[in-house]
Amino acid sequence: AQTVTQSQPEMSVQEAETVTLSCTYDTSESNYYLFWYKQPPSRQMILVIRQEAYKQQNATENRFSVNFQKAAKSFSLKISDSQLGDTAMYFCAFMKQMGDNNDMRFGAGTRLTVKP
Amino acid sequence: DAGITQSPRHKVTETGTPVTLRCHQTENHRYMYWYRQDPGHGLRLIHYSYGVKDTDKGEVSDGYSVSRSKTEDFLLTLESATSSQTSVYFCAIREGRTDTQYFGPGTRLTVL
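Source: prediction; values computed, not measured.

Peer 1: Tell me about the side chain of B:S49, residues and numbers included.
Peer 2: Residues and elements named next belong to chain B. For S49, the location among the structural elements is in strand β5 (residues 42-51). Within polar-contact distance, the side chain of S49 engages the side chain of R68 at 2.9 Å. Apart from residues lying up to four places away in sequence, S49 is in contact with R30, Y31, M32, D54, T55, R68 and F74.

Peer 1: Residues and numbers for the interface of chain A and chain B, please.
Peer 2: Chain A puts 22 residues into the contact, and the matching count from chain B is 29 residues. Connecting chain A to chain B are 1 salt bridge. Taken together, the elements giving at least two residues each to the side of chain A that touches chain B come down to β5 (32-39), β6 (46-52), β10 (88-96) and β11 (104-106) of chain A. Considering every element that reaches the side of chain A that touches chain B, the biggest residue donor is β5(A), with 4 residues.

Peer 1: Describe the environment of B:E59, and please don't skip the residues or the numbers.
Peer 2: Note that B:E59 resides in the loop between β6 (54-57) and β7 (64-70). For the pair B:E59 and B:Y33, spaced 26 residues apart in sequence, the C-alpha to C-alpha distance is 12 Å. Setting aside residues up to four positions removed in sequence, B:E59 forms contacts with A:R105, B:R44 and B:L45.

Peer 1: Requested: an account of the pattern of salt bridges, with residues and values cited.
Peer 2: On inspection of all chains with the given rule, the structure shows 10 salt bridges over all chains. Between A:E52 and A:R50 there is a salt bridge, with its nearest N and O atoms 3.5 Å apart. A residue is classified by how much of its surface remains accessible, and A:E52, at 12% relative accessible area, is buried. The closest approach of N and O atoms between B:R22 and B:D73, which form a salt bridge, is 3.1 Å. Highlighted residues: B:R22 in strand β3 (residues 19-25) and B:D73 in strand β8 (residues 73-78), separated in sequence by 51 residues. Taken together, the salt bridges that share partners define one network made up of A:R50, A:E52 and A:K55.

Peer 1: Pulling in residues and values, what's your account of the pairing of strand β11 (residues 107-111) of chain B?
Peer 2: Strand residues, when the strand is regular, have side chains that alternate between the two faces of the sheet. Residues and elements named next belong to chain B. Here β11 shows a clear split, with T107, L109 and V111 buried on one side and none of R108 and T110 buried on the other. By the bridge criterion, 4 bridges tie strand β2 (residues 10-13) to β11 in an arrangement that is parallel. Of the residues in β11, the one forming a bridge with T13 is V111.

Peer 1: I'd like to hear about unusual backbone geometry, residue by residue, with values.
Peer 2: Of the consecutive residues B:S7 and B:P8, the connecting peptide bond is found in the cis state with omega at -10 degrees. With respect to the helices, strands and loops of the structure, B:P8 is situated in the loop between β1 (4-7) and β2. You will see that A:A16, though not glycine, has its phi angle at about 80 degrees, which is positive. If you trace the backbone, A:A16 turns up in the loop between β2 (10-14) and β3 (19-21).

Peer 1: Summarise the sheet that holds β1(B); cite the residues concerned and give the values.
Peer 2: Pairing between sheet strands relies on hydrogen bonds along the backbone, with the strands arranged either parallel or antiparallel. Residue and element names in this part refer to chain B. One open sheet holds the 4 strands; their spatial order is β1-β3-β8-β7, and the pairing between them is antiparallel. The open sheet terminates on both sides in strands that have one partner only, identified here as β1 and β7. With strand direction ignored, the average angle separating the axes of adjacent strands in the sheet is 20 degrees. Of the pairings in the sheet, the one linking β7 to β8 comprises 5 bridges and is antiparallel in character. By the bridge assignment, S65 is partnered in β8 with T77.

Quick notes on the rules
Residues numbered from 1 in each chain as written. Chains lettered and ligands numbered in written order. Predicted model: local features only at pLDDT ≥ 70, side-chain atom pairs only at ≥ 80, totals over all residues. Heavy atoms only, no water. Helix = DSSP H or I, 4+ residues; strand = E, 2+ residues; numbered from the N terminus. Polar contact = N/O pair within 3.5 Å; in protein donor to acceptor, adjacent residues only side chain to side chain. Contact = heavy atoms within 4.5 Å. Salt bridge = Lys/Arg side-chain N within 4 Å of Asp/Glu carboxyl O. Buried < 20%, exposed > 50% of the residue type's maximum accessible area, 1.4 Å probe, protein only. Pairing = 2+ DSSP bridges. Axes fitted to C-alpha atoms, helices over the stretch in contact; angles between N-to-C directions.

And the structure:
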């Protein structure tokens, strides 16, 4: 079974600075997706970024980028120019690419606080 | 928001009572999911559906059942609620083109 580990339960960063959230995963699959979701206090789960495992190029979405190391099974999220609105729980998630039974496996989350 | 609604948004019930949570989507997605979120565990899959009347178990399915009689509705039932089922429940759909899951707003369930 796939497992996802987020080793940093809590992190903080000053506004306008850069922060990196770590995620590692364990799988024997070759084709899969990796995701980062953000959960602000509103509780809504919001997709931040998506990475397909077969793509070597790291995904980016505005101030959010990932460092995807397939051999090391590592998928970290970098937030540049942190804003107060980035304060949230961040979840790393893994999903197999093929078949009906491709449920998503989540890490336990990292609580990020952006300080003014 | 992928057109997903959940009802109710909050519910308090007593141990031993049946509870049904509803997930409704408006965009005709084939795949739908029910997750629960507990501190220290992230989200864990309860059941999922890959079509009308087609459902299967997830990681934490004990004590839960589901039904999908229409594409747009996916129901989660706790036949006899227990305090261990106090949690936040999320419904999700899988968007077919990108295989990305999008989530509903969640339901907070408290079992006393």
